[in-house]
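Listed below are the residues making up each chain.
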Amino acid sequence: MRNITILLLLFSVVSCDEPFHGSRLLGNFDPGTLDAETLVTPSRIRAGDVLTYLSPGDPGYVHHYELHAGFEGLGTVRLLNFQIRPIFEVHHPCMQFIHDELNVNGTDQFLDMCQSPYPDMERYMYVMVSVPPSDIGAANPGYNFLEWGETEGLRSDDNSVDSPSCTTDSAGVYTEKIAYKEDETRAFCEGLHADYYLGNPFQVTKPRNGNVYGYLDGPDPRTSVKIGGFNLAIEYDLGKLTTLFITAETDAQRVSTDNIDVNLPPGADGRTLLIGELDGLFGYLEKDTFEGVWHGLMVDPMGSSMRVEFTLYNDLDEDPVLF
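Residues numbered from 1 in each chain as written. Predicted model: local features only at pLDDT ≥ 70, side-chain atom pairs only at ≥ 80, totals over all residues. Heavy atoms only, no water.

Engineer: What exactly am I supposed to notice about the overall build of the protein chain here?
Structural biologist: Secondary structure summary: the protein chain contains four helices and 13 strands in total. Look at the contacts in the protein chain between residues 6 or more apart in sequence, and 66% of them connect residues 24 or more apart. (Helix = DSSP H or I, 4+ residues; strand = E, 2+ residues; numbered from the N terminus. Contact = heavy atoms within 4.5 Å.)

Listed below in structure tokens is the structure:
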């Protein structure tokens, strides 16, 4: 009995961790009637298979998004920086030398990212992902790989393709794929920052690089089933929250090495993309509808059908509701 008592005392000592005083935010980001492609950051324009990236100062340019909480009389808190990306890009240099783990014929083959359903997944599935610092050089080259893939010397010397596609000739040979140097490309991709996003064609919930916060609502082309949803652990106590909103920010310096974790107010050149208010004109935040959780809706103040519906667990360390 004495030994059991000692063990119980030891267990009680080592298990007394500081409670989590933050919150958890679960929700769905629905683009509505908008083409989710237009929400990709950094902003770009698609014309068929051709992508043109906008530059800072161009109309409609957005570098990243930020989630903010507002507190009446107290100001705002920046909760999260994120970008919206295709689930993966089939022509990205870092997607060209992935060992085909499903190949069973005994030869060392690389995964063909042009095979179905990868091009359709790129076009119709979008994710909320981490943002790497904007001022770290080649560790964050950005997502315009058609530009830096050439300037970084990753393309094969005999490559003649500038606008890649998955077009094949009569023999099934790809005629419009950029050829990359394997060793140089592997070395470059291994040096990317931990928050630079690269999707995983084998397990979409576990990216090859970076972090996934959630998925925009939309169809999964593999099954035609609608998917979506995000799950965010917020370190702040949001018990006195009055407003939750997302801004579209143009200034890359807001996520520089010095600023990325700083609690900055919304940018002067940014715009409110979505907003939900406790007692306001846009969206809503209901604190009493459901026991133990709050429910809310963020809407586009410009009037589009884009929306975020969310549930907020704001007192995880005190909530008396048993789940």
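Engineer: Please clarify how a negative patch on the surface should be interpreted in this entry.
Structural biologist: A contiguous patch of negative charge on the surface is contributed by Glu72, Asp279, Glu286 and Asp288. With respect to the helices and strands, Glu286 occurs in strand S11 (residues 284–290). (Patch = residues over 30% accessible without salt bridge, like charges linked within 9 Å, V, L, I, M, F, W, Y side chains within 5 Å. Areas by Shrake-Rupley, 256 points an atom, 1.4 Å probe, with all protein chains shown as cover. Salt bridge = Lys/Arg side-chain N within 4 Å of Asp/Glu carboxyl O. Lys, Arg positive; Asp, Glu negative; His and termini not counted. Charge placed at Lys NZ, Arg CZ, Asp CG, Glu CD.)

Engineer: Which parts of the structure should I look at to understand unusual backbone geometry?
Structural biologist: What is expected of a backbone is that most residues other than glycine have negative phi and most peptide bonds are trans. A cis amide bond, omega -10°, links Thr41 with the succeeding residue Pro42. Turning to its location among the elements, Pro42 is positioned in the loop between strand S1 (23–30) and strand S2 (44–47). The omega torsion of the bond from Ser116 to Pro117 falls at 10°, within 30 degrees of zero and hence cis. Inspection of the secondary structure puts Pro117 in the loop between strand S5 (75–86) and helix H2 (118–124). Notably, Ser224 is not glycine yet its phi reads approximately 65°, a positive angle. By the element assignment, Ser224 lies in the loop between strand S7 (212–220) and strand S8 (225–234). In this structure Ser224 comes out as exposed when scored by relative accessible area, which is 64%. (Buried < 20%, exposed > 50% of the residue type's maximum accessible area, 1.4 Å probe, protein only.)

Engineer: For this particular structure, what's the right way to read the environment of Tyr65?
Structural biologist: Mapped onto the elements, Tyr65 comes out in strand S4 (residues 64–71). With 63 residues separating them in the primary sequence, Tyr65 and Met128 have C-alpha atoms 9.5 Å apart. With near-sequence residues (within four places) excluded, Tyr65 lies in contact with Leu39, Thr41, Leu80, Asn81, Phe82, Ile84, Ile246, Thr247, Ala248 and Leu273. Within the structure, Tyr65 has its side chain in polar contact with the backbone oxygen of Leu39 (distance 2.7 Å). (Polar contact = N/O pair within 3.5 Å; in protein donor to acceptor, adjacent residues only side chain to side chain.)

Engineer: I would appreciate a short explanation of the nonpolar core in the present structure.
Structural biologist: Considering soluble globular proteins, one finds that nonpolar side chains tend to be buried as a cluster. Membership of the largest hydrophobic core comes to 35 residues, with the highest contact counts inside it found for Leu25, Phe29, Tyr65, Leu67, Leu241, Leu244 and Ile246. Of the residues forming this core, the biggest block, five residues, is contributed by S5. Counting residues in each nonpolar core, the second largest holds 30 residues, with Val90, Cys94, Met95 and Tyr197 among its members. (Core = buried A, V, L, I, M, F, W, Y, C linked by side-chain atoms within 4.5 Å.)

Engineer: I would appreciate a short explanation of the packing of aromatic side chains in the present structure.
Structural biologist: Here the distance between the centres and the angle between the planes together describe a pair of aromatic rings. In the structure shown here, the tally under the stated rule is five aromatic pairs. With centroids separated by 5.5 Å and ring planes inclined at 80°, the aromatic side chains of Phe88 and Tyr118 adopt a geometry described as edge-to-face. Remark: Tyr118 occurs in helix H2 and Phe88 occurs in the loop between S5 and H2; sequence separation between them is 30 residues. With relative accessibility at 8%, the residue Tyr118 sits in the buried group. A ring pair is formed by Phe97 and Phe110, whose centres lie 5.3 Å apart and whose planes are at 85°; its orientation type is edge-to-face. Within this pair, whereas Phe97 is found in the loop between S5 and H2, its partner Phe110 is found in the loop between S5 and H2, the two being separated by 13 residues in sequence. (Phe/Tyr/Trp six-rings, centres within 6.5 Å; stacked < 30°, edge-to-face > 60°.)

Engineer: Explain the side chain of Glu89 to me, please; I cannot follow it from the model alone.
Structural biologist: Note on placement: Glu89 falls in the loop between S5 and H2. Relative accessible area serves as the criterion here: at 6%, Glu89 is assigned to the buried category. Within the structure, the side chain of Glu89 is placed 3.1 Å from the side chain of Arg85, a separation counted as a polar contact. Residues contacting Glu89, with those up to four places away along its chain left out, are Arg44, Tyr53, Met95, Glu122, Tyr143 and Phe145.

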